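Below are the chains, spelled out letter by letter.
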Amino acid sequence: MFSRLVNLFKLDLNVTLRNALAWVMGGTLVIMILTVHFLIPDSEFEGMRQYFLDETEHTVLKGALLEAGVAEEWVFNSYDSLHEAVLQDRQSVGLVYRGSLESLQVVMLHHGALSPENVNLLRASLEKTMAESAGLSPGGGYQVEYLRELVEPVSNKMHALPSLLAFEVIVIGFLMVAVMIFQEKSEGTIKAYRVSPGRTGAYLLSKTLVFASLGLIYGLVFIFSTMGLPPNLPLLCLVLALAVSFYTLAGAAVAVFFNNISEWIFVGVGLLMLNMVPIISYGYPAFSPAVLTYLPSYPLLFGLRELLVPTGKPVFLLVWLLLALNAAAFALCLPLVHRKLMKEGRS
């Protein structure tokens, strides 16, 4: 049994690596790495130039801005020149200071729409900076109590990694196993396997191991290329392998009901889109309806974030959940594969 499984594993691995989809995986990996490095800014306003105009009484803030390191060419003397500079530079925002230090008003010129959250963050940052520059206290009669140990703020790049892992890397098993099953149907490989001593369990385990291995390598290359060595590598490897194997089994359970990729595409893509819905809660944590938490991608997405950027939350529950999901998916997939693929007369 073990030697038969090893031989099947080698055969499936060889077929997978010769498949054109393997090259697509490699190209997608390169695109994701380049996107993280060059297209996703570390912060919302990284790369955004700030132009200034001081219209306060006696222009008291202009000197403070220059002393704070603002380039002199970014401090304008008239509203028209500032407005023209912002119009010509879409990666800029213009800030006009008016009034006095005691009642400072800030007018912001920018391209497109900014969310209320970003506007409030920018307003708070400006008020704090200007108050400190003027030697005033920003005030605030409140006390903050932290429930866990403080960690460094997560950059936009790091915030994007869990979603790319969950919805690009881990789901490759769902796609690849469907392509392989359809290829074996068209080439008659499954008919040949029916008359061999091979068992359905070995057939299913072989493909699961192949895509779990490839998915693990795929994920680690992406992680090492974007963030370096993660904090908890052994546990991260276990989660990645279990997650890819679950989606591989789920993909096989769906693919056996179809004869080719054309029949499968609408159902398969629809399920993948449903799987991506928890990204809404990931981007907007206040929106987390209970129905989303029942999707496997929901705990996986937040578990990956905890593994990549630890904050003290326990993640072993995710491992047990993935083990249970794998067991349930295998128990469901095994009879389906046997009935749909391994019975004579089925194609």
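Keep in mind that this is a model prediction, so the values were computed, not measured.

What counts, and where the lines are drawn
- Within each chain, residue numbers correspond to sequence positions counted from 1 in written order.
- Owing to the predicted nature of the model, reporting of local features is limited to residues with pLDDT of at least 70; listing and counting of side-chain atom pairs is limited to 80 or more, with chain, interface and lining totals taken over all residues.
- Note that the side-chain values use all heavy atoms of the structure and ignore hydrogens as well as water.
- Put simply, a nonpolar core is a bunch of buried Ala, Val, Leu, Ile, Met, Phe, Trp, Tyr and Cys residues held in one set by side-chain atoms that sit within 4.5 Å of each other.
- Here's how the labels work: a residue is buried when its accessible area is under 20% of the maximum for its type, exposed when over 50%, partly exposed in between, all with a 1.4 Å probe on protein chains only.
- By definition, residues are in contact when any of their heavy atoms lie within 4.5 Å.
- Runs of E in the DSSP output that reach at least two residues are strands. Runs of H or I that reach at least four are helices, and both are numbered from the N terminus.
- N or O atoms within 3.5 Å of each other form a polar contact, as long as, within protein, one can give a hydrogen and the other can take it, and as long as residues adjacent in sequence are counted only when both atoms are side-chain atoms.
- One speaks of a salt bridge when a side-chain nitrogen belonging to Lys or Arg is within 4 Å of a carboxyl oxygen belonging to Asp or Glu.
- Note on aromatic contacts: the rings of Phe and Tyr and the six-membered ring of Trp form a pair at centre separations within 6.5 Å, being stacked when their planes are under 30 degrees apart, edge-to-face when over 60 apart, and tilted otherwise.
- Only Lys NZ and Arg CZ are tested; either one counts as a charge over a ring when it is within 6 Å of the ring centre and within 35 degrees of the ring normal.

Moving on to the nonpolar core. Note on soluble globular proteins: their nonpolar side chains tend to be buried together. In this structure, F222 and L304 are the most contacted members of the largest nonpolar core, which totals 77 residues. Not counting chain neighbours up to four residues away, the residues in contact with F222 comprise L29, M32, I33, V36, L161, L164 and L165.

Our focus in this paragraph is the side chain of E306. With respect to the helices and strands, E306 occurs in helix α14 (residues 297-308). Engagement of the side chain of E306 in a polar contact is seen with the side chain of T311, the distance being 2.6 Å. Among residues more than four places away in sequence, those in contact with E306 are T311, G312, K313 and V315.

This next bit is on the pattern of salt bridges. For the coordinates displayed, the defined rule picks out three salt bridges. A salt bridge links K207 to E184, with the nearest nitrogen and oxygen atoms 3.0 Å apart. Pair noted here: K207 is in helix α9 (residues 200-226) and E184 is in helix α7 (residues 172-187), with a separation of 23 residues, a long-range link. Each of D12, E184 and K207 takes part in one network of salt bridges that share partners.

So, about the packing of aromatic side chains. The final tally for this structure, using the stated rule, is eight aromatic pairs. Between Y51 and F76, the aromatic rings sit 5.5 Å apart at their centres with planes inclined by 75°, giving edge-to-face as the arrangement. One end of the pair, Y51, is in strand β1 (residues 49-56); the other, F76, is in strand β2 (residues 75-76), and 25 residues separate them in sequence. Taken as a pair, Y51 and F76 share a single burial class, namely buried. For the ring pair Y298 and F302, a centre distance of 4.9 Å and an interplane angle of 45° mean the geometry is tilted. Linking Y298 with F302, this pair stays in helix α14, spanning four residues, or about one helical turn. Like Y298, the residue F302 is buried in the burial classification. One cation-aromatic arrangement involves K207 over Y203; the distance from NZ or CZ to the ring centre is 3.8 Å.

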